[in-house]
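Given next are the chains, with one letter for each unit.
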Amino acid sequence: MKREIQPEGNYYDKYNTQNKIEQWIMNRFFCRCAGILDTVTLEHGRILEAGCGEGNFTRFLFEKFVTGKCGNNKSVEKEFVKIEAYDLSRKCIQQAKEKCPGVHFQTGSIYERKTEVPYDLVVASEVLEHMENPEQALDKLFEAANGYLFLTVPNEPLWRVLNMARGKYWSRLGNTPGHVQHWNRRTLAKLILARGGVKTASIKVVSACPWLIVLVKIKS
């Protein structure tokens, strides 16, 4: 089987779309993410985003936890919050730096990154579906997380059905280029629990059409 070539960043820029329906879907997605992250407590104010791409979700995290523009998390002392983010693509990192000058960005692979000091919150939004080895990637994310792990992935097969409904990727049966993994609520929870093992205190999987959003609380 021919290996899928991964695009640098998002294959389709839904974050900056001018389509009103897509804008509504994206706003709903971010509102749902904000509500879930309102339950997170940052003991040491350390956040890490893996696979940040062009920095669209990074900017959301910065506005939520640092500037206070998004969400209502009163348990965070925003002046002490530090966000770090990394991506394999140097091109994407350069774009991300322009969006979020207050974030520390680096290039790096999720498989190879070493964690010296664990983070209160580790985020990987729309990352795992691109990974040839999501199990290994999850192991590294759990290794870095000392409080919470926050993930988002496409909800399949709904994601592909909606792509085809808007006339996209018919030859691929609606599969977005670069997506090599596919999960529903049950299979995603099973994967996370298998990799998190005894570190997982609780797991919450919710739907924000057409995504699945996951918040894993790590045992203290």
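Analysis parameters
- Residues numbered from 1 in each chain as written.
- Predicted model: local features only at pLDDT ≥ 70, side-chain atom pairs only at ≥ 80, totals over all residues.
- Heavy atoms only, no water.
- Helix = DSSP H or I, 4+ residues; strand = E, 2+ residues; numbered from the N terminus.
- Contact = heavy atoms within 4.5 Å.
- Areas by Shrake-Rupley, 256 points an atom, 1.4 Å probe, with all protein chains shown as cover.
- Patch = residues over 30% accessible without salt bridge, like charges linked within 9 Å, V, L, I, M, F, W, Y side chains within 5 Å.
- Salt bridge = Lys/Arg side-chain N within 4 Å of Asp/Glu carboxyl O.
- Lys, Arg positive; Asp, Glu negative; His and termini not counted.
- Charge placed at Lys NZ, Arg CZ, Asp CG, Glu CD.
- Buried < 20%, exposed > 50% of the residue type's maximum accessible area, 1.4 Å probe, protein only.
- Pairing = 2+ DSSP bridges.
- Axes fitted to C-alpha atoms, helices over the stretch in contact; angles between N-to-C directions.

Peer 1: When you look at the overall build of the protein in this model, what are you seeing that I'm missing?
Peer 2: Helix and strand counts for the protein come out as six helices and seven strands. Starting at the N terminus and ending at the C terminus, the protein contains elements arranged as α-β-α-β-α-β-β-α-β-α-α-β-β. Contacts spanning at least 24 positions in sequence make up 68% of the contacts within the protein whose residues lie at least 6 apart. Looking at the protein as shown, the accessible area adds up to about 11,400 Å², and 52% of this sits on carbon and sulfur atoms.

Peer 1: Could you clarify how one ought to interpret a positive patch on the surface in this entry?
Peer 2: Taken together, Arg 28, Arg 32, Arg 185 and Lys 204 make up a surface patch of like positive charges. Here Arg 32 is to be found in helix α1 (residues 20–37). Residue classification places Arg 32 among the partly exposed positions, given a relative accessible area of 34%.

Peer 1: Looking at this structure, I do not really get the sheet that holds strand β7 (residues 211–218). What am I missing?
Peer 2: Strand pairing in a sheet relies on backbone hydrogen bonds, with the paired strands running either antiparallel or parallel. Here seven strands make up an open sheet; going across it, the order is β3-β2-β1-β4-β5-β7-β6 and the pairing mixed. For this open sheet the edge positions go to β3 (104–107) and β6 (200–208), each flanked by a neighbour on one side alone. With direction set aside, neighbouring strand axes in the sheet form an average angle of 15°. Seen against the sheet, helix α4 (residues 134–144) touches β1 (46–50), β4 (119–125), β5 (145–154), β6 and β7 and runs at an angle of roughly 145° to β5.

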